[in-house]
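Chain by chain, the residues:
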Amino acid sequence: MAITSYPFDAQVVTETQYSQMFREFQDSGVVASFGSSGFTVTAGTGMNLNVSAGLAFVRGFMVQSTATEVVAIPAASTSVRVDRVVLRLDPALNSIVLAVKQGTAGSTTPPSLTQTDTGIYELVLAQVTVNANVTSITSSDITRTRPFVGTRILCWNTNTRPASPRLGQIGWNADTSSFEFWNDTAWVPLIGNVSWSTLTGKPATFPPSAHTHTWSQITDAPTSLPPAAHTHDWGQVTGKPTSFDPTAHGHAWTDLTGVPATFAPSTHSHTWASITSKPTTFTPSTHYHDQYLEAGDTIAWSNGTKRVHADSVSGSGTYYAVWVQGDGTFARNTSSRRFKQRIRDIHIDPDAVLSLRPRIYDRRPKEEGGDYLRDEFGLVAEEVAETLPEIVTYDEEGRIDALRYDLLGVALLSVVQDQAERIERLEQLVRDMSR
């Protein structure tokens, strides 16, 4: 008979026919939610494994275990192997039992499953790595590989997909967390990947939204940041003084109050060039030159006498070295104790004196276009100020102006004294060595 139909009343239906019918209702797998405890394989004692209770379909047949079962892993080999724990359907024996398929020693590839259409069919529950010469199995050696059912959509791992799928069969792959289907050649995602190039209606550009970056995410960041011009509230400033001494400053005339309306001229002088309506010639009148300068004469009268080198000193008279003050006033260079106070010692570093550099230079002219005083030699005040500032003088504006050459000889005393001490020590050393 070419056409067979079943099951009907008063008809003999074989287990093979029932198996064919039920396998279309449900695929082979553990009947439970994915990852639940049905037929879970765990480590037991020694080489024994525990398989928990569960319910499963195997090729249209149902198997149920109501208690934990123990299966034994064969003794370890001298090299590693991989075994499998399976539910084995044997229609000839009318049974589905737990079994262990032993792998090949020296290979990490698990043994192949027997999955026939009408004969023995094996559903894998776990694979077990059996290391060389071990006497017990640990939980880290067990990899669970159970497929699950519970709805018509089968749940599997990548290595527990149906062995002989039909075109269009759909399942959930727990390894990739995606639905996949059999296209008669391979398992492919149910929802294909979408590339940016295939999207339509997408914007050409994206304005950045408000966001932040950590400093480590910024490339080409400078290693240091110079402070930019900025201000601070007075309350933000720390370590500020409680009072301020006025510094040198100026005021506009309009800012002053109580100023006089007129000013009586004070004693002053003018340069010849600044005088207007002056005569071009002068008729000489009866006059004389005082031989000596009067007290209070200024530098403008420094030529009051040109006979100092020819004059002699007699009686109580004497010669003085002369200082010229900043305003041009002459003053005697006195040195008596009665003109001094707070007399104390000062240490002049001999090396500071010896580091002075004699220089030769041209003196700038007094007027533009005038003659230079050429090849004058001496010291440069700015250079002296670096090592021997005691003999440097400053003008009214605080600029380095001149040197006290008269004090250079005093500073040289420290050099002479230092050399005298050294000579004395050397002489004493020679005397000690000659004894």
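Since the structure is predicted, the reported quantities are computational estimates derived from the model, not experimental observations.

Reading the values: the criteria
- Residues numbered from 1 in each chain as written.
- Predicted model: local features only at pLDDT ≥ 70, side-chain atom pairs only at ≥ 80, totals over all residues.
- Heavy atoms only, no water.
- Helix = DSSP H or I, 4+ residues; strand = E, 2+ residues; numbered from the N terminus.
- Buried < 20%, exposed > 50% of the residue type's maximum accessible area, 1.4 Å probe, protein only.
- Contact = heavy atoms within 4.5 Å.
- Areas by Shrake-Rupley, 256 points an atom, 1.4 Å probe, with all protein chains shown as cover.
- Expected span 1.5 Å × (residues − 1).
- Pairing = 2+ DSSP bridges.
- Axes fitted to C-alpha atoms, helices over the stretch in contact; angles between N-to-C directions.
- Phe/Tyr/Trp six-rings, centres within 6.5 Å; stacked < 30°, edge-to-face > 60°.
- Lys NZ or Arg CZ within 6 Å of the ring centre and 35° of its normal.

(A) The arrangement of the overall build of the chain in detail. In terms of regular secondary structure, the chain is built from four helices and 21 strands. The burial tally for the chain puts 22% of its 435 residues in the buried class. In the chain, once contacts between residues fewer than 6 apart in sequence are set aside, the share between residues at least 24 apart is 47%. Accessible area for the chain stands at about 32,900 Å²; split by element, carbon and sulfur atoms hold 55% of it.

(B) Unusual backbone geometry, seen in detail. Although it is not a glycine, arginine 342 sits at a positive phi angle of roughly 55°. By the secondary structure assignment, arginine 342 is in the loop between β17 (330-332) and α2 (350-354). When its relative accessible area of 62% is taken as the criterion, arginine 342 is described as exposed. Even without being a glycine, aspartate 375 presents a positive backbone phi close to 55°. The topology assignment puts aspartate 375 in strand β19 (residues 373-378). According to the relative accessible area criterion, aspartate 375 is exposed, its value standing at 56%.

(C) Helix α1 (residues 15-25), seen in detail. Of all the residues in α1, the buried ones are Gln17, Ser19, Met21 and Arg23. Here the buried face of α1 lies against β5 (61-65).

(D) View of helix α4 (residues 405-434). Between its first and last C-alpha, α4 extends 44 Å over 30 residues, near the 44 Å set by a 1.5 Å rise per residue. Of all the positions in α4, only Leu408, Ala411, Ser414, Val415 and Asp418 are classed as buried. Against the buried residues of α4 lie α2.

(E) Layout of the sheet that holds strand β10 (residues 142-144). Read from one edge to the other, the open sheet built from four strands follows the order β8-β7-β9-β10, with strand pairing classed as antiparallel. Looking at the sheet topology across the chains shown, the edges are occupied by β8 (95-101) and β10. Here the strands of the sheet are splayed against their neighbours by 20° on average, with no regard to which way each runs.

(F) Representation of the sheet that holds strand β6 (residues 69-72). Taken in spatial order, the three strands of this open sheet run β2-β3-β6, and their pairing is antiparallel. Strands with a single pairing partner mark the edges of an open sheet, and in this sheet they are β2 (41-43) and β6. Adjacent strand axes in the sheet meet at a mean angle of 35° when their direction is disregarded. When strand β3 (residues 48-51) meets β6, the two strands line up antiparallel, connected through four bridges. For asparagine 50, the partnering residue across the bridge sits in β6 and is valine 70.

(G) The arrangement of the environment of alanine 174 in detail. Note that alanine 174 resides in the loop between β13 (170-173) and β14 (178-182). On the accessibility criterion, alanine 174 (25% relative accessible area) is partly exposed. Separated by 17 residues in sequence, alanine 174 and asparagine 157 place their C-alpha atoms 5.5 Å apart. Not counting residues up to four positions away in its chain, the partners in contact with alanine 174 are Phe34, Trp156 and Asn157.

(H) How the structure looks around the packing of aromatic side chains. Tallied over the full model, the rule gives five aromatic pairs. Between tryptophan 172 and phenylalanine 179, the aromatic rings sit 4.9 Å apart at their centres with planes inclined by 70°, giving edge-to-face as the arrangement. The interplanar angle of 50° and the centroid separation of 6.2 Å between the aromatic rings of tryptophan 196 and phenylalanine 206 together place this pair among those described as tilted. Placement of tryptophan 196 in the loop between β15 (187-189) and β16 (322-324) and of phenylalanine 206 in the loop between β15 and β16 is noted, with a sequence separation of 10 residues between them. On the accessibility criterion, tryptophan 196 (48% relative accessible area) is partly exposed. On the basis of relative accessibility, which here comes to 57%, the residue phenylalanine 206 falls in the exposed class. When the ring centre of tryptophan 196 is taken as origin, the NZ or CZ atom of lysine 202, which lies over that ring, is 5.5 Å away.

In short, geometric facts, not functional conclusions.
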